[in-house]
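Report on the structure
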Amino acid sequence: MNIQEYFGRISYNKPHKDADLQTLTAIFQHHIHSIPFENLSMHCGEPIELDLQAIYNKIVRKKRGGWCLETNYLLFWALQELGYDVCILGANSYEPAQKGYGAQMNHLLLKVVVKGEPYIVDAGFGGAYQMWQPLMLISGKDQPQVPGIFRFMEDNGTWYLEKVKRKHCIAEHSKDEFPHTPELGNIRKIHKFTLEPRHVDDFQELNAYLQVSPDNLLRKKSICSLQTTNGVLALVGWTLSEMKYNYTEDMDLVDITTLTDEEVEKTLKDKFSIELENKLVPVNVRGLPPNLVDKI
């Protein structure tokens, strides 16, 4: 494994002498704009190994993406290589359908300390709730970013991350693809976590479980999402969603297209730069939201 090869994968070619916030932010942004959040391996018959060398080969050399366990573990390695004070944390994602947080830890994220100040860095949430910059670990402070306003709330040692949602402007030809849903308010809870340091081995059981459990969302949907220069692209099953952030004041533009099987493969190559070795079987279980815009 080589940090320069990783830099090539994320198209990063700036100086990185100091483990400072500016460099951290730049590397993080190149990472999320180059490496898709995706779970395609489980939908084309490939096992997902929670092993650094396997993840490096998949993401850096094969130009694939990965889910949180993979992409954040790769970022953890890169930041360690660059001398950052970084540790792994575990979170429980908020589940809108259940209107509560998952009972078990199901998300890997990072805490990075720069000049004594802690930041949360998470390249693996995907979709419209992906942060674009490291977030200061401060309770109650609004932190505006391009995707929206993020905020932590702390209660008795547990930290809660939430995002202020914008309204959606649905492109005219997409309205039939975007079913009306009841207004859920403008705050979207994302996950909760503690500052207990974790080791990647703490997630091995989760990694195995997510690949076989029929009840988890990642088995019910084939997902590939990538942050763009002005928004996010998401392919879920046969549904391609493109969101442009802040298209007008406090309004995100949403464009949704339904693809054929052949178009799915072409879209992965053209828009996500992914070429799969095995045949993908797209999945989007009926009765579940068709896109990543506001539901994941």
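This text follows the structure it describes.
The sections below set out a description of the structure shown in this document. What you see is a predicted model, and the numbers here were worked out from it, not measured in a lab. (Residues numbered from 1 in each chain as written. Predicted model: local features only at pLDDT ≥ 70, side-chain atom pairs only at ≥ 80, totals over all residues. Heavy atoms only, no water.)

Some words on the pattern of salt bridges
Summed over the entire model, instances satisfying the criterion amount to 10 salt bridges. With a shortest N-O distance of 2.8 Å, R64 and E38 are connected by a salt bridge. One end of the pair, R64, is in the loop between α3 (52-61) and α4 (68-81); the other, E38, is in strand β1 (residues 37-38), and 26 residues separate them in sequence. Salt bridges here are not isolated pairs; linked through shared partners, they connect E38, E46 and R64. (Salt bridge = Lys/Arg side-chain N within 4 Å of Asp/Glu carboxyl O. Helix = DSSP H or I, 4+ residues; strand = E, 2+ residues; numbered from the N terminus.)

Quick look at α4
Between its first and last C-alpha atoms α4 spans 20 Å; for 14 residues at 1.5 Å apiece the expected length is 20 Å, and the two agree. With respect to burial, α4 is a largely interior element, 12 of its 14 residues being buried. Of the residues making up α4, those classed as buried are C68, L69, E70, T71, N72, Y73, L74, L75, F76, W77, A78 and L79. (Expected span 1.5 Å × (residues − 1). Buried < 20%, exposed > 50% of the residue type's maximum accessible area, 1.4 Å probe, protein only.)

Things to note about the environment of I138
Relative to the elements of secondary structure, I138 occurs in the loop between β6 (135-136) and β7 (142-145). Between the C-alpha atoms of I138 and W159, which are 21 residues apart in sequence, the distance is 9.5 Å. Not counting chain neighbours up to four residues away, the residues in contact with I138 comprise F152 and W159. (Contact = heavy atoms within 4.5 Å.)

Digging into the layout of surface pockets
Taken as a whole, the second largest pocket encloses approximately 290 Å³ of empty space. Taken together, 16 residues form the lining of the second largest pocket, with E46, P47, A54, K58 and K62 sitting closest to its centre. Of the residues forming the lining of the second largest pocket, the biggest block, four residues, is contributed by α3. When grouped by side-chain class, the residues that make up the lining of the second largest pocket number five nonpolar, three polar and eight charged. (1 Å grid on protein atoms, 1.4 Å probe; cavity = no way out; pocket = protein on both sides within 12 Å on 5 of 7 lines; lining within 4 Å. Points joined across faces, edges and corners; volume = space filled by probe spheres on them. Nonpolar A, V, L, I, M, F, W, Y, C, P; charged D, E, K, R; others polar.)

Observations concerning the nonpolar core
Y6, L74, L75, L110 and F193 are the most contacted members of the largest nonpolar core, which has 72 residues in total. Of all the elements, α4 adds the most residues to this core, at nine residues. Once you skip the residues sitting within four places of it in the chain, Y6 turns out to touch I27, H31, Y56, V60, L74, L75, W77 and A78. (Core = buried A, V, L, I, M, F, W, Y, C linked by side-chain atoms within 4.5 Å.)

Observations concerning the sheet that holds β1
Sheet strands associate in pairs through backbone hydrogen bonding, adopting either a parallel or an antiparallel arrangement. Taken in spatial order, the six strands line up as β1-β12-β13-β14-β15-β10 in an open sheet, and their pairing is mixed. The open sheet terminates on both sides in strands that have one partner only, identified here as β1 and β10 (167-170). (Pairing = 2+ DSSP bridges.)

What to know about unusual backbone geometry
Within the chain, K63 stands out as a residue other than glycine whose phi angle is a positive 60°. Residue placement: K63 occurs in the loop between α3 and α4. According to the relative accessible area criterion, K63 is partly exposed, its value standing at 42%. Look at S273: it is not a glycine, yet its phi comes out positive at around 55°. Of note, S273 is situated in the segment after α7 (261-272). Classification of S273 by relative accessible area gives exposed; the value is 52%.

Concerning a negative patch on the surface
Side chains of D261, E262, E263, E265 and E275 sit close together on the surface and give a patch of like negative charge. Position of E265 relative to the elements: it lies in helix α7. (Patch = residues over 30% accessible without salt bridge, like charges linked within 9 Å, V, L, I, M, F, W, Y side chains within 5 Å. Areas by Shrake-Rupley, 256 points an atom, 1.4 Å probe, with all protein chains shown as cover. Lys, Arg positive; Asp, Glu negative; His and termini not counted. Charge placed at Lys NZ, Arg CZ, Asp CG, Glu CD.)

Quick notes on the environment of E196
Summarising the element assignment, E196 is placed in the loop between β11 (187-193) and α5 (204-212). We classify E196 as partly exposed; its relative accessible area is 43%. Sequence separation between E196 and G90 is 106 residues; the distance between their C-alpha atoms is 7.9 Å. Leaving out residues up to four positions away in the same chain, E196 has contacts with I88 and L89. A distance of 3.4 Å separates polar atoms of two side chains, one belonging to E196 and the other to R198. (Polar contact = N/O pair within 3.5 Å; in protein donor to acceptor, adjacent residues only side chain to side chain.)

Describing the packing of helix α2 (residues 21-34) against α4
Following both chains from N to C, one finds α2 and α4 inclined at 150°, their axes separated by 12 Å at the closest point. As far as their axial angle goes, α4 and α2 are roughly antiparallel. When you trace α2 past α4, the crossing you get is right-handed. Of α4, the residues touching α2 (which contributes L24, I27, F28 and H31) are T71, L74, L75 and L79. Classifying every residue of the contact of α2 with α4 gives six nonpolar, two polar and no charged. (Axes fitted to C-alpha atoms, helices over the stretch in contact; angles between N-to-C directions. Parallel < 35°, antiparallel > 145°, perpendicular 65-115°, else oblique. Left-handed = near helix turned anticlockwise from the far one by under 90°.)

Here we look at the side chain of R151
Its location among the elements puts R151 in strand β8 (residues 148-155). Exposure remark for R151: the relative accessible area of 14% places this residue in the buried category. Among the polar contacts made by the side chain of R151, one reaches the side chain of E162 at a distance of 2.8 Å. When neighbours within four sequence positions are excluded, R151 is seen to be in contact with G140, K141, D142, Y160, L161, E162, V164 and I187.

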